[in-house]
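Structural overview for review
This is what each chain is made of:
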Amino acid sequence: MKNQFRSVLVAVFAICAVKVSAQVPVLSSYPSASTVLFLDFDGQYVTGTSWNYNGPINCAASGLNTFQITEVFNRVAEDYRPFNINVTTDSTKYFSAPVNHRIRVIVTVTNGWYPGVGGVSFVGSFNFGDDTPCFVFTGPSALGYNPKYVAEAASHEAGHTLGLYHQAVYDSTCKKVSDYNSGTGSGEIGWAPIMGVGYYENMTLWNFGPNPYGCAQTQNDLQVITTQNGFTYRSDDYSNSFASSQSLSFTGDSTIISGIIEQNTDQDIFKLDMPTAAQLKLNAMPFNVGNNNSGSNLDMQLTIYNESQTQSSVYNPGNLLSAIVDTPLNAGTYYIKVEGKGNKYAPNYASLGSYSLKATIGSGTPLPLHRLELSGSIAGYRHNLSWLIEAEEKVAGQSIEVSTDGEHFNSLVSLPEGSRSYSYTPDASGNLLYRMHVTFDNGKEYYSNIISLRTGGETQKPKLLSNIIQQNKLSIMSPVAFRYQVVDMAGRTILQGQLAAGMNDLNTPVLKAGMYFIRFNNGQNQVTEKFVKE
């Protein structure tokens, strides 16, 4: 049965621009893919679809010029770059695709039949199999012929056809703040979800967050796209293994390679052989359509490893999506890892997309550091850490850094220059990741390898004082704030809300006698328990 849920994207009412006719360039992002997302800019007569409840719709062309069309295409293509789908302006690609593996996005100035919005679509229409399109409205009463806005609307509406709802915002009490998540931050790394409102932020990504139908109704955009529409991710282009890493081949003193981070577990590793000591320069640039890496979906991180595959340096500028390395290396074999990371605004979840990496080798001086290696062990509840430093320069400062997610490290302790061990009892539970941060007297800074040690405590989670309710009260002890959702055996949500740290008493007169599930989620841990109402 078709899902006749119709979704719209609120328009931004831009100051009117001049309508321009243009020859549509023929562009394709992944021509070998059998699944097609067709951006239709030259007008379309729509009939015989789910939209034609009032008769045919005669859509005029987009009113965008060739340069604007190309920018819209490039932005949308990058949003869908990780997937095995061809974003195209070529109608022949659309018609050659199976009818249940294609969607037409009509980009048109014609919006009198559906005014006041930036676009409209039926959720799940990609799988209707009857060529029901979605629409993006370009004109002065909608998106003002702004290619950034048009592209955001096109990716958003196409996302609805693939089964996605909006990404919404809730406060700490589970009260809905907005049906549309408009993101956060500013500048190059300012972020918003594609399925929220992406008009005003530089970086828009797929997201894992609540939809408008309840704060516990989380939507995993990537999972929905790749499991409900007959296509998945592209094949990995470069290995994430040191043993099978691709060697960098230089022409003269430089080389350029291009790649794609297809999944948030993807890491592209390259092997670099340095015949003599020299200066290595790396310029890692995500795909973009202009200044400030506009249109990029990838916040890049570079990591350099030595021949023993020990991490030596990490490069990820906090306020930029690109990364630059300029460092001296001794003769030997090195490895360069390219990956996508989150930042203070954008989660790591969907930092995906295409990039280029330029490597240049010039004259340089020997690397002062020969070895920086961290090791650790557990004795009862204590974590014992020790490390080796072999270098030609003098250590000027050193600290141990700790992380719970492998992405955000905080300083645990600063130690005297001569220290080579440290022991303490951690407060947190679960896996803790450690690394050394060492500064030498020549101003150079280096990081050690990362090790993982587990604490003795169990994962913090809410506990039911009893799994049998007799007096319309369910008592729960929660170590920290958690969201909860009570679900009956048919999967229907009966109660939901927020637990505070400490004792919580939930009133349950609405529950009939029977068995129920209660789910707890705090964004890091998710736990499900059963209880019975007598």
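Residues numbered from 1 in each chain as written. Predicted model: local features only at pLDDT ≥ 70, side-chain atom pairs only at ≥ 80, totals over all residues. Heavy atoms only, no water.

1. Let's talk about the environment of Y30
The criterion, for reference: Secondary structure elements are defined from DSSP: runs of H or I of at least 4 residues count as helices, runs of E of at least 2 residues count as strands, and each element is numbered from the N terminus. Only heavy atoms matter for contacts: two residues are in contact if any of them lie within 4.5 Å across the pair.
Along the chain, Y30 turns up in the loop between β1 (6-10) and β2 (36-40). In the structure, Y30 is positioned 394 residues away from Y424 in sequence and 53 Å away in space, judged by C-alpha atoms. Every residue in contact with Y30, bar those within four places of it in the chain, is listed here: F83, N84, I85, N86 and R234.

2. As for the side chain of N229
The following threshold applies: For this analysis, a polar contact is any N or O atom pair within 3.5 Å, provided that within protein one partner can donate a hydrogen and the other can accept it, and provided that sequence-adjacent residues contribute only side-chain to side-chain pairs.
Among the structural elements, N229 can be located in the loop between α4 (221-227) and β15 (246-247). Here the side chain of N229 touches N127 through a polar contact of 3.1 Å, side chain to side chain. At a separation of 3.1 Å, a polar atom in the side chain of N229 contacts the main-chain carbonyl oxygen of I225. The contacts of N229, once residues within four sequence positions are left out, are H101, F126, N127, T161, L162 and V224.

3. What about the state of the cysteines?
Going by this rule: The disulfide definition used here is simple: a pair of cysteine sulfur atoms within 2.5 Å. Here the term buried applies to any residue with accessible area under 20% of the maximum for its type, exposed to any over 50%, and partly exposed to those in between, with areas from a 1.4 Å probe on protein chains only.
Under the counting rule described, the total for this entry stands at 1 disulfide. Disulfide pairing places C174 opposite C215 at an S-S distance of 1.9 Å. Negative torsions about the S-S bond denote left-handed disulfides, and the value of about 70° found for C174 with C215 makes this one right-handed. Within this pair, whereas C174 is found in the loop between β9 (169-170) and β10 (176-178), its partner C215 is found in the loop between β13 (208-210) and β14 (218-220), the two being separated by 41 residues in sequence. The exposure class of C174 is buried, given its relative accessible area of 15%. For C215, a relative accessible area of 4% translates into the label buried.

4. What about the sheet that holds strand β16 (residues 254-261)?
Convention followed: In this scheme, strands are said to pair when DSSP sees at least two bridges between them. Inter-axis angles, ranging from 0 to 180 degrees, are taken between N-to-C directions of lines fitted to C-alpha atoms, where helices are fitted over the stretch in contact.
Across the sheet, 4 strands lie side by side as β16-β23-β18-β21; this open sheet has antiparallel pairing. The outermost strands of the open sheet, each flanked by one partner alone, are β16 and β21 (323-329). This sheet shows a mean twist of 15° between the axes of neighbouring strands, independent of strand direction. Where strand β18 (residues 278-286) and β21 come together, 7 bridges link them in antiparallel fashion. Its bridge partner being in β21, L280 is matched across the sheet by T327.

5. Considerations on helix α3 (residues 147-161)
Rule in force here: A helix is expected to span 1.5 Å for every residue after the first.
Over its 15 residues, α3 extends 21 Å from the first C-alpha to the last, a length consistent with the 21 Å expected when each residue adds 1.5 Å. The buried fraction of α3 amounts to 15 of the 15 residues, a majority that puts the element mostly inside the structure. The N-cap residue of α3 is N146: its side-chain oxygen and the backbone nitrogen of K148 are 2.9 Å apart. Looking at the residues trailing α3, positive phi occurs at G163, about 105°.

6. So, the sheet that holds strand β38 (residues 514-521)
Taken together, 5 strands build an open sheet; the order of strands is β33-β39-β38-β35-β36 and the sheet is mixed. Strands at the two margins of the open sheet, each flanked by one partner only, are β33 (468-469) and β36 (493-499). Across 6 bridges, strand β35 (residues 482-488) lies against β36 in antiparallel orientation. Considered in β36, the bridge of F482 is made with L499.

7. Some words on the pattern of salt bridges
Note the following rule: By salt bridge we mean one thing: a side-chain nitrogen of Lys or Arg within 4 Å of a carboxyl oxygen of Asp or Glu.
Under the definition given, this model contains 9 salt bridges. Here D131 makes a salt bridge to R102, at a shortest N to O gap of 2.8 Å. Taken together, the residues D131 in the loop between β7 (117-122) and β8 (134-137) and R102 in strand β6 (residues 102-108) connect sequence positions 29 residues apart. You can call D131 partly exposed: its relative accessible area is 28%. With relative accessibility at 11%, the residue R102 sits in the buried group. Its salt-bridge partner being K176, residue D179 comes within 2.7 Å of it at the nearest N-O pair.

8. With respect to the packing of aromatic side chains
Short version of the rule: Pairing of aromatic rings covers Phe, Tyr and the six-membered ring of Trp, with a centre-to-centre limit of 6.5 Å; geometry is then stacked below 30 degrees between planes, edge-to-face above 60, and tilted otherwise.
Per the stated rule, a full pass over the model turns up 27 aromatic pairs. Measuring from centroid to centroid gives 5.8 Å for W51 and W113, while their planes differ by 75°, and the two rings are edge-to-face. With W51 in the loop between β3 (44-46) and β4 (57-59) and W113 in the loop between β6 and β7, this residue pair connects regions lying 62 residues apart in the sequence. A ring pair is formed by Y516 and F531, whose centres lie 5.7 Å apart and whose planes are at 20°; its orientation type is stacked.

9. Describing the packing of helix α1 (residues 66-79) against α3
Under the convention used in this document: Oblique is the label for every angle not falling under 35 degrees (roughly parallel), over 145 degrees (roughly antiparallel), or within 65 to 115 degrees (roughly perpendicular). Handedness of a crossing follows from how the near helix is turned relative to the far one, being left-handed for an anticlockwise turn of less than a right angle and right-handed for a clockwise one. Put simply, Ala, Val, Leu, Ile, Met, Phe, Trp, Tyr, Cys and Pro go in the nonpolar bin, Asp, Glu, Lys and Arg in the charged bin, and everything else, Gly too, in the polar bin.
As a packed pair, α1 and α3 sit with axes 9 Å apart at the nearest point and diverge in direction by 40°. Considering the angle they form, α1 stands oblique to α3. Here α1 runs over α3; the crossing is right-handed. Here α1 contributes Q68, E71, V72, R75, V76 and D79 to the contact with α3, which in turn contributes P147, K148, V150, A151, A154 and S155. Of the residues contributing to the contact of α1 with α3, the split by class is 6 nonpolar, 2 polar and 4 charged.

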